Amino acid sequence: MSGVMIILLFLVLIMAGLPIAFSMGIPAALYLLVEGIPVSVMVQRMVASLNSFPLLAVPLFIMAAGLMNSSGITNRLFEFAKLLVGRLKGGLAQVNIVASLIFAGISGAALADVGGLGNIEIDAMTKQKYPKDAAAAVTAASAVVGPIFPPSIPLIIYGAAAETSSMRLLIAGVIPALIVVVLLMLQVGYFAAKRNYPRGVEEKYTRSQIIEVLKRGLPAMMMPVILMTGMLSGYFSPTEVGAITVTYAIILSFMYKELSVKGFLKVCRDTLRSTASVLIIVASAAIFAWTLTVEQLPQQVSVIMLTISENPFVLLILANIVLLTAGMFIETTAAILVLTPILLPPLIMAGVNPVHFGVVMVFNLMIGMITPPVGMSVYMLSSLVKLPVGNIFKAVTPYFITLLLSLLIITYVPQVTLWLPNMMMN
Amino acid sequence: MHTFLRRTGKYFENISLVFLLLLLACVLIQIIMRNFFDSGSVKLEELARICLVSLVFLMVPVLIVDKQHIIVDLFINYLPSKVRRIFEAVIQSLSFGLAVFLLYSIRQVMLRNWSVSTPALRMPNSILYIPIVLGLLFMALGTFVYLLDAIRNKEEAP
C-alpha cells in the first residue's frame with residue numbers, strides 16, 4: 001500500500017462524508033493490516049500524540065474564548081475598538097477588523113472570533129444598513145488574522161509538529177498580522193468611499209464617554225498585554241498562557257457579573273466538545289502521518305520538489321499552492337500535522353527558515369477557511385446571518401485578493417516574519 | 001437504546017468536565033509553584049497530560065452519539081436521499097470497524113504494558129488506559145446502534 005494510495009483513500013473517505021478523524025484513521029488501520037505491522041502501533045501513536053504538553057493549550061484557549069464570549073468581555077472589546085476607529089467612514093467595518101485583532105490577542109482561534117465577536121459585529125453593522133453579506137464578508141476576512149497573531153493554537157500545533165520554538169513562532173506572527181490588518185483596513189476604506197458606508201459613530205465621543213468606555217474595556221484590554229508580557233519575560237510558556245487567560249477571563253466574568261455558574265458549565269461543556277473534535281483529528285493525523293513517513297512519502301516529495309528547483313522562492317510558490325489547495329479541503333489541524341513533515345524538509349534544505357514557513361503555512365490554511373468548498377468561517381457565518389453560503393463566498397472574494405497579496409508579502413519578505421523574533425530573542 | 005446512549009454520554013461528559021477542570025488546576029498550580037516557590041513538578045505536568053488524553057477519548061463517542069464530529073458534507077448533501085442512506089450505512093459500518101480495530105489495538109497494548117508505570121506519577125498503565133477503553137467501547141456501541149438505524153432506514157435525531 002503506497003503513500004499515494006493512503007492519501008487517495010483518505011480523500012475518498014472525507015468526500016464520502018466520514019468524520020475527518022476517521023477518514024485518516026481507516027487508511028492507517030488498513031495500512032497496518034496490509035503491511036503486517038503490529039496493530040498496537042495505532043493506539044500507541046494516537047495516545048502519544050495527545051500526551052503532549054503544548055496541546056494542553058487547545059482546551060484552555062477554547063475555554064478562554066468561550067468565557068469571553070459569554071461574559072460580556074467581547075462586547076467591551078467591540079466598544080473599545082469602536083472608540084478607536086468608529087469615527088472613520090465605514091467605521092463599523094473598520095471596527096470589525098480592529099476588534100478581531102484585539103480578540104486574536106487573547107483567543108488564538110479563528111472560529112471563536114467568528115462565533116462570538118462575529119455576532120456582535122454583524123448585528124451592529126446590519127443596524128447601520130450594511131448589506132448582510134458585506135458584513136459577513138468583513139467578519140470572515142478579519143477572522144483570518146486571529147491564528148497568526150499570538151497566542152495561536154495552529155502555530156503552537158505547528159511548533160510541536162516541526163519541533164520549532166513556539167515562542168519564536170508566536171512572536172513571528174505579530175508583524176504579518178498587522179500587515180494583513182492594515183491592508184484590510186485600506187480596502188474597507190476604499191469600499192466605504194465607493195459605496196458610501198456611514199461612519200460607525202456619528203457624534204464625537206465626549207470626554208466622559210471616552211472615560212466610560214475605557215473604564216469598561218480596560219480590564220479586558222489588559223488581557224493581551226498581560227499575556228504577552230508574561231510570555232516574553234518567561235513567567236509562563238505559550239501553553240501556560242492558556243491557563244492564565246482562562247483564569248483572567250473567569251475573574252473578569254465575576255467582576256462584570258455577566259456569567260452564572262450555569263453559564264460557566266455550559267462554556268466548559270462546549271469546550272469539551274470543541275476540544276475533542278479537534279484533538280481526535282490530531283491523534284488520527286499522527287498515525288496517518290506516520291504511515292506516510294514509513295512509506296517514505298516525505299523523502300519522495302523532497303526529491304520531486306528539489307528536482308523542480310532548489311530556489312527557495314520557487315519552492316515556496318509550490319508550497320503555497322499545495323497549502324492553499326489543502327486549506328480548501330482539509331481541516332487546519334489535520335493539514336498542519338500531515339503536511340509539515342512532508343513540505344518542511346525540502347524547504348529547510350533550500351534554506352527556508354522553519355519559523356518563517358510556520359507563519360506562511362498557518363496563514364495559507366486560514367485563507368482556506370474563507371474559500372469554497374470547505375470554508376469553515378463562511379459556513380458558520382452563513383448559519384449566523386441566515387444567508388446562503390454562496391452569497392457570502394461571493395462577497396468575500398475581494399478580500400480574498402487582499403489576503404493573497406498579504407500572503408505574497410509574508411512569503412517573499414521573510415524579514416517581515418523573522419525580524420521581531422530575532423530582535424527579541426537573540 | 002438511544003436513551004441509554006444519551007444518558008451514558010451525559011455521564012462521560014460529566015467525567016470529562018472533571019478532567020478539564022483538573023487539567024486547568026494542574027497547569028495553574030505548576031505556574032504558581034515555578035514562579036513563587038521555584039519548584040516545578042513533573043507529576044503535575046504528567047497529570048495534566050493524562051487528563052487531556054482521557055477527556056478526548058471519553059468525549060469522542062459523545063460526539064458520535066450527538067453527531068457532532070467535523071465532517072465535509074458538501075458533496076453528500078447533493079446526493080439523492082436513497083443514495084445518501086446507503087452512504088450513511090457505509091459510513092457507520094466503517095466507523096464501527098474502526099472502533100473495533102482500535103479496541104483490538106488497545107488490547108494488544110495493554111497485554112504488553114498493563115503493569116508498566118508512568119514515568120512521574122508511577123501510575124500503572126492499566127489505570128491510565130481505563131478512560132480510553134471506556135471511550136472506545138462506547139464508540140463501538142454508538143456506531144453499531146447508528147449502523148442498525150441506517151440499515152433499518154430509521155432516522156434518529158441527535
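K.L.:
Explanation requested: the overall build of chain A in the structure shown.
P.N.:
On a plain count of helices and strands, chain A comes out with 21 helices and 0 strands. Whereas a compact globule of 426 residues would reach a radius of gyration of roughly 22 Å, chain A reaches 21 Å, a difference of no more than 12%. With respect to the principal axes defined by its C-alpha atoms, chain A has extents near 75 × 50 × 45 Å. A total of 426 residues make up chain A; the buried ones form 62% of that total. In chain A, 79% of the contacts between residues at least 6 apart in sequence involve partners at least 24 apart. As displayed, chain A has an accessible area near 15,400 Å², and 68% of this comes from carbon and sulfur atoms.

K.L.:
Which parts of the structure should I look at to understand the interface of chain A and chain B?
P.N.:
Interfaces are often described in size by the accessible area the parts lose on coming together. Counting residues at the interface gives 57 residues for chain A, matched by 52 residues for chain B. Each partner contributes to the roughly 5,100 Å² buried at the junction of chain A and chain B, and carbon and sulfur atoms together form 78% of this total. For the chain A face of the interface with chain B, the top three residues by lost area are Phe22, Leu272 and Arg273 of chain A, together amounting to 14%. Remark: the boundary between chain A and chain B carries 4 salt bridges. Of the charged contacts, one joins glutamate 13 of chain B and arginine 273 of chain A as a salt bridge, the two residues approaching to 2.4 Å between their closest N and O atoms. Our enumeration of links across chain A and chain B arrives at 10 residue pairs in polar contact (both at pLDDT 80 or more). Going through the elements one at a time, helix H1 (3-15), helix H2 (20-35), helix H3 (40-50), helix H4 (57-70), helix H13 (238-256), helix H14 (261-294) and helix H19 (376-385) of chain A are the ones with two or more residues in the side of chain A that touches chain B.

K.L.:
How should I be thinking about helix H2 (residues 42-65) of chain B in this particular structure?
P.N.:
Structural remark: α-helix, 3.6 residues per turn; residues separated by three or four positions point the same way. Residue and element names in this part refer to chain B. Helix length check: H2 (24 residues) gives 36 Å between terminal C-alpha atoms against 34 Å at 1.5 Å per residue, within 8%. Counting buried positions over the 24 residues of H2 gives 20, a clear majority of the element. For H2, the side-chain oxygen to backbone nitrogen distance between the N-cap and lysine 43 is 3.2 Å, and the N-cap itself is serine 41. Lysine 67 occupies a position one or two residues after H2 and carries a positive phi of about 50°.

K.L.:
How should unusual backbone geometry be read in this particular structure?
P.N.:
Trans peptide bonds make up most of the peptide bonds, and negative phi angles are found at most residues other than glycine. All names here are of chain A. Each neighbour pair has its own omega, and for proline 150 with proline 151 the value is -5°, a cis peptide bond. Relative to the helices and strands, proline 151 resides in the loop between helix H8 (132-143) and helix H9 (153-162). Of note, glutamate 163 is a non-glycine position whose phi angle comes to about 50°, a positive value. Locating glutamate 163 in the fold gives a position in the loop between H9 and helix H10 (166-172). With relative accessibility at 75%, the residue glutamate 163 sits in the exposed group. Positioned with a positive phi, lysine 386 is a non-glycine residue whose angle comes to about 55°. With respect to the element layout, lysine 386 can be found in the loop between H19 and helix H20 (389-412).

K.L.:
Got a minute to help me understand the confidence of the model for chain B in this structure?
P.N.:
Note: predicted coordinates in regions of low pLDDT should not be interpreted at a detailed level. Predicted confidence across chain B gives a mean pLDDT of 89, with 95% of residues reaching 70 or more. This prediction of the complex comes with two scores: 0.87 for pTM and 0.92 for ipTM.

K.L.:
What's the story with the nonpolar core in this structure? I'm lost.
P.N.:
One broad rule of soluble globular proteins: the nonpolar side chains tend to lie buried together. All names here are of chain A. Ranked by size, the top nonpolar core spans 214 residues in total, and within it Met42 and Phe357 carry the most contacts. Of all the elements, H14 adds the most residues to this core, at 16 residues. Ignoring any residue separated from it by four or fewer positions in sequence, one finds phenylalanine 357 in contact with Tyr158, Leu316, Ala319, Leu323, Leu343, Leu344, Leu347 and Val352.

Criteria and cut-off values
Residues numbered from 1 in each chain as written. Chains lettered and ligands numbered in written order. Predicted model: local features only at pLDDT ≥ 70, side-chain atom pairs only at ≥ 80, totals over all residues. Heavy atoms only, no water. Helix = DSSP H or I, 4+ residues; strand = E, 2+ residues; numbered from the N terminus. Rg over C-alpha atoms; globule rule 2.2 N^0.38 Å. Buried < 20%, exposed > 50% of the residue type's maximum accessible area, 1.4 Å probe, protein only. Contact = heavy atoms within 4.5 Å. Areas by Shrake-Rupley, 256 points an atom, 1.4 Å probe, with all protein chains shown as cover. Buried area = accessible area lost by both parts, 1.4 Å probe. Salt bridge = Lys/Arg side-chain N within 4 Å of Asp/Glu carboxyl O. Polar contact = N/O pair within 3.5 Å; in protein donor to acceptor, adjacent residues only side chain to side chain. Expected span 1.5 Å × (residues − 1). pLDDT = per-residue confidence, 0-100. Core = buried A, V, L, I, M, F, W, Y, C linked by side-chain atoms within 4.5 Å.

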